[in-house]
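Chains, contacts and geometry: an overview
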Amino acid sequence: MDAPYNRLLVARFAECFEFYDAVLPPLTGATLAKGSAGGPYADWEVADRAVLALCDRALMALTVGTVEFPAEPPAVQDSTMLVFRVADVDEALALCLRNGGVLAAVATDRPAWGPNLRTAHLRDPDGRLIELQSS
């Protein structure tokens, strides 16, 4: 059995594909294994193990019978977050912002969270919260 991995259900497939295709290789070493910006599915792997996958949200709604539900919930606090451990938070943040990420919180040292911990927070093109961290 393969290890579990995240599959993001995205409304803006092409934008999300371009973002993750630009940032996953330098941040994680993952390479595109399947898919393209045309969708509806793409995944990136490291050493033949899935790291992250994208799936068109509308396709999944059709598959599981939730097409009649609202596509967007009312404004709520984030309930999930992708976390990438990186060598240099500031450099990784700059890479993400150049490729369509939206800043949520500037790079900051967080000694209360852990010794030498530094984080930055941003959103992907679909609005998903991402934390970049180094220690």
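A brief structural summary. (Residues numbered from 1 in each chain as written. Predicted model: local features only at pLDDT ≥ 70, side-chain atom pairs only at ≥ 80, totals over all residues. Heavy atoms only, no water.)

The final tally for this structure, using the stated rule, is two aromatic pairs. Considering the side-chain rings of F17 and W44, the 5.5 Å spacing of their centres and the 40° angle between planes classify their relative orientation as tilted. Pair noted here: F17 is in helix α1 (residues 13–28) and W44 is in strand β3 (residues 41–46), with a separation of 27 residues, a long-range link. Per residue, the accessibility class of F17 equals that of W44, and both read buried. (Phe/Tyr/Trp six-rings, centres within 6.5 Å; stacked < 30°, edge-to-face > 60°. Helix = DSSP H or I, 4+ residues; strand = E, 2+ residues; numbered from the N terminus. Buried < 20%, exposed > 50% of the residue type's maximum accessible area, 1.4 Å probe, protein only.)

On to helix α2 (residues 57–64). Looking at where α2 begins, the residue whose side-chain oxygen comes 3.2 Å from the main-chain nitrogen of A58 is D56. Two residues or fewer past α2, G65 is found with a positive phi of approximately 75°. (Polar contact = N/O pair within 3.5 Å; in protein donor to acceptor, adjacent residues only side chain to side chain.)

Quick look at the pattern of salt bridges now. Per the stated rule, a full pass over the model turns up seven salt bridges. The residue D126 makes a salt bridge to R12 at a minimum N-O spacing of 3.0 Å. Of this pair, D126 sits in the loop between β7 (118–123) and β8 (129–134) while R12 sits in the loop between β1 (6–10) and α1; the two residues are 114 residues apart in sequence, bridging distant segments of the chain. Using a relative accessible area of 37% as the deciding quantity, one classes R12 as partly exposed. (Salt bridge = Lys/Arg side-chain N within 4 Å of Asp/Glu carboxyl O.)

Quick look at the layout of surface pockets now. Estimated volume of the largest pocket: approximately 540 Å³. Here the element with the most residues in the lining of the largest pocket is β1; it accounts for three residues. Tallied by class, the residues present in the lining of the largest pocket amount to eight nonpolar, four polar and seven charged. Within this model, the second largest pocket holds a volume of roughly 190 Å³. Looking at the second largest pocket, the residues that line it are L9, A11, R57, A58, M60, A61, T66, V67, F69, P70 and A71. The element contributing the most residues to the lining of the second largest pocket is α2, with four residues. For the lining of the second largest pocket, the class distribution of residues is nine nonpolar, one polar and one charged. (1 Å grid on protein atoms, 1.4 Å probe; cavity = no way out; pocket = protein on both sides within 12 Å on 5 of 7 lines; lining within 4 Å. Points joined across faces, edges and corners; volume = space filled by probe spheres on them. Nonpolar A, V, L, I, M, F, W, Y, C, P; charged D, E, K, R; others polar.)

What follows covers a nonpolar patch on the surface. Judged by side-chain polarity, L97, L103 and V106 come together as a nonpolar surface patch covering roughly 240 Å² of accessible area. For L97, the location among the structural elements is in helix α3 (residues 89–98). L97 gets classed as partly exposed once you look at its relative accessible area, which sits at 34%. (Patch = residues over 30% accessible without salt bridge, like charges linked within 9 Å, V, L, I, M, F, W, Y side chains within 5 Å. Areas by Shrake-Rupley, 256 points an atom, 1.4 Å probe, with all protein chains shown as cover.)

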